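# Secondary and tertiary structure notes
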Amino acid sequence: MVLEGVAHERGSVRVGLYATPSSFRKEMHALAVHEAPAAPGVVRVVFDAVPAGRYAVMAYHDEDGDGKLNMRFGMFPAEGYGLSNNPRVMGPPAFEDSAFEVAADRPSQINVVMKY
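Each value, and the rule that gives it
Residues numbered from 1 in each chain as written. Predicted model: local features only at pLDDT ≥ 70, side-chain atom pairs only at ≥ 80, totals over all residues. Heavy atoms only, no water. Helix = DSSP H or I, 4+ residues; strand = E, 2+ residues; numbered from the N terminus. Rg over C-alpha atoms; globule rule 2.2 N^0.38 Å. Buried < 20%, exposed > 50% of the residue type's maximum accessible area, 1.4 Å probe, protein only. Areas by Shrake-Rupley, 256 points an atom, 1.4 Å probe, with all protein chains shown as cover. Lys, Arg positive; Asp, Glu negative; His and termini not counted. Charge placed at Lys NZ, Arg CZ, Asp CG, Glu CD. Pairing = 2+ DSSP bridges. Axes fitted to C-alpha atoms, helices over the stretch in contact; angles between N-to-C directions. 1 Å grid on protein atoms, 1.4 Å probe; cavity = no way out; pocket = protein on both sides within 12 Å on 5 of 7 lines; lining within 4 Å. Points joined across faces, edges and corners; volume = space filled by probe spheres on them. Nonpolar A, V, L, I, M, F, W, Y, C, P; charged D, E, K, R; others polar. Polar contact = N/O pair within 3.5 Å; in protein donor to acceptor, adjacent residues only side chain to side chain. Contact = heavy atoms within 4.5 Å.

### Quick look at the overall build of the chain
If you tally the helices and strands in the chain, you get one helix and ten strands. The N-to-C order of helical and strand elements in the chain reads β-β-β-β-β-β-β-β-α-β-β. Computed over the C-alpha atoms, the radius of gyration of the chain is 13 Å, within 12% of the 13 Å expected from 2.2 N^0.38 for a compact globule of 116 residues. The principal-axis extent of the C-alpha atoms belonging to the chain is close to 40 × 25 × 25 Å. Here the chain holds 116 residues, and 40% of them are scored as buried. Roughly 6700 Å² of accessible area belongs to the chain as shown, and the carbon and sulfur atoms make up 55% of that amount. In the chain, 11 positive and 14 negative side-chain charges are present, and the distance between their average locations comes to 5 Å.

Written out as structure tokens, the structure is:
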């Protein structure tokens, strides 16, 4: 997975891999979560041995290190975030808008553009 457009090196980036619509955006219910040091520009994260299937990814730049995506007014991200398929969202993002297929016989690369 490639996170593009990380704004700066403060904090870390956290990436959740989700297998179901009901778990999407709920980090404690993610299939897997990876954290990597933030770096301006591009950050790469690898999920190993992901079985074939349909998944969605949500990433965020945890600038203050509190382990969550901070929100303004409880609705608008206050830290950078990104979604697989880079959908344009109005309101909470949906699993279906970010869903992608992982094939059993070849590796997948997902590019996620971070939004601030």
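### Quick notes on the sheet that holds strand β1 (residues 2–6)
Taking strand neighbours across the sheet as the criterion, the three strands line up as β4-β1-β10 in an open arrangement whose pairing is mixed. Both outer strands of the open sheet, β4 (41–44) and β10 (111–113), are each paired with one neighbouring strand and no more. Direction aside, the axes of adjacent strands within the sheet are offset by 25 degrees on average. In terms of strand pairing, β1 meets β4 through three bridges, oriented antiparallel. Considered in β4, the bridge of Val2 is made with Arg44.

### Some remarks on the layout of surface pockets
By volume, the largest pocket is sized at about 470 Å³. Leu69, Met71, Met75, Pro77 and Pro93 are, among the 20 residues lining the largest pocket, the residues nearest its centre. The set of elements that each furnish at least two residues to the lining of the largest pocket consists of β2 (12–18), β5 (53–62) and β7 (76–77). Split by residue class, the lining of the largest pocket holds 13 nonpolar, three polar and four charged. There is about 270 Å³ of room inside the second largest pocket. Along the wall of the second largest pocket there are 17 residues; nearest its centre are Met1, Phe47, Val50, Val102 and Ser108. Here the lining of the second largest pocket is composed, by residue class, of 13 nonpolar, two polar and two charged.

### Description of the side chain of His61
Within the element layout of this structure, His61 appears in strand β5. Within the structure, His61 has its side chain in polar contact with the side chain of Tyr116 (distance 2.6 Å). For His61, the contacting residues outside a window of four places in its chain are Val6, Ala7, His8, Arg10, Ser12, Val13, Ala38, Glu79, Gly80, Met114 and Tyr116.

### Observations concerning unusual backbone geometry
Excluding glycine, residues mostly have negative phi values, and the peptide bonds linking residues are mostly trans. Non-glycine residue Phe73 carries a positive phi angle of around 55 degrees. With respect to the helices and strands, the residue Phe73 is situated in the loop between β6 (71–72) and β7. Accessibility expressed as a relative area gives 75% for Phe73, which makes it exposed.

By themselves, these observations are geometric and do not establish any function.
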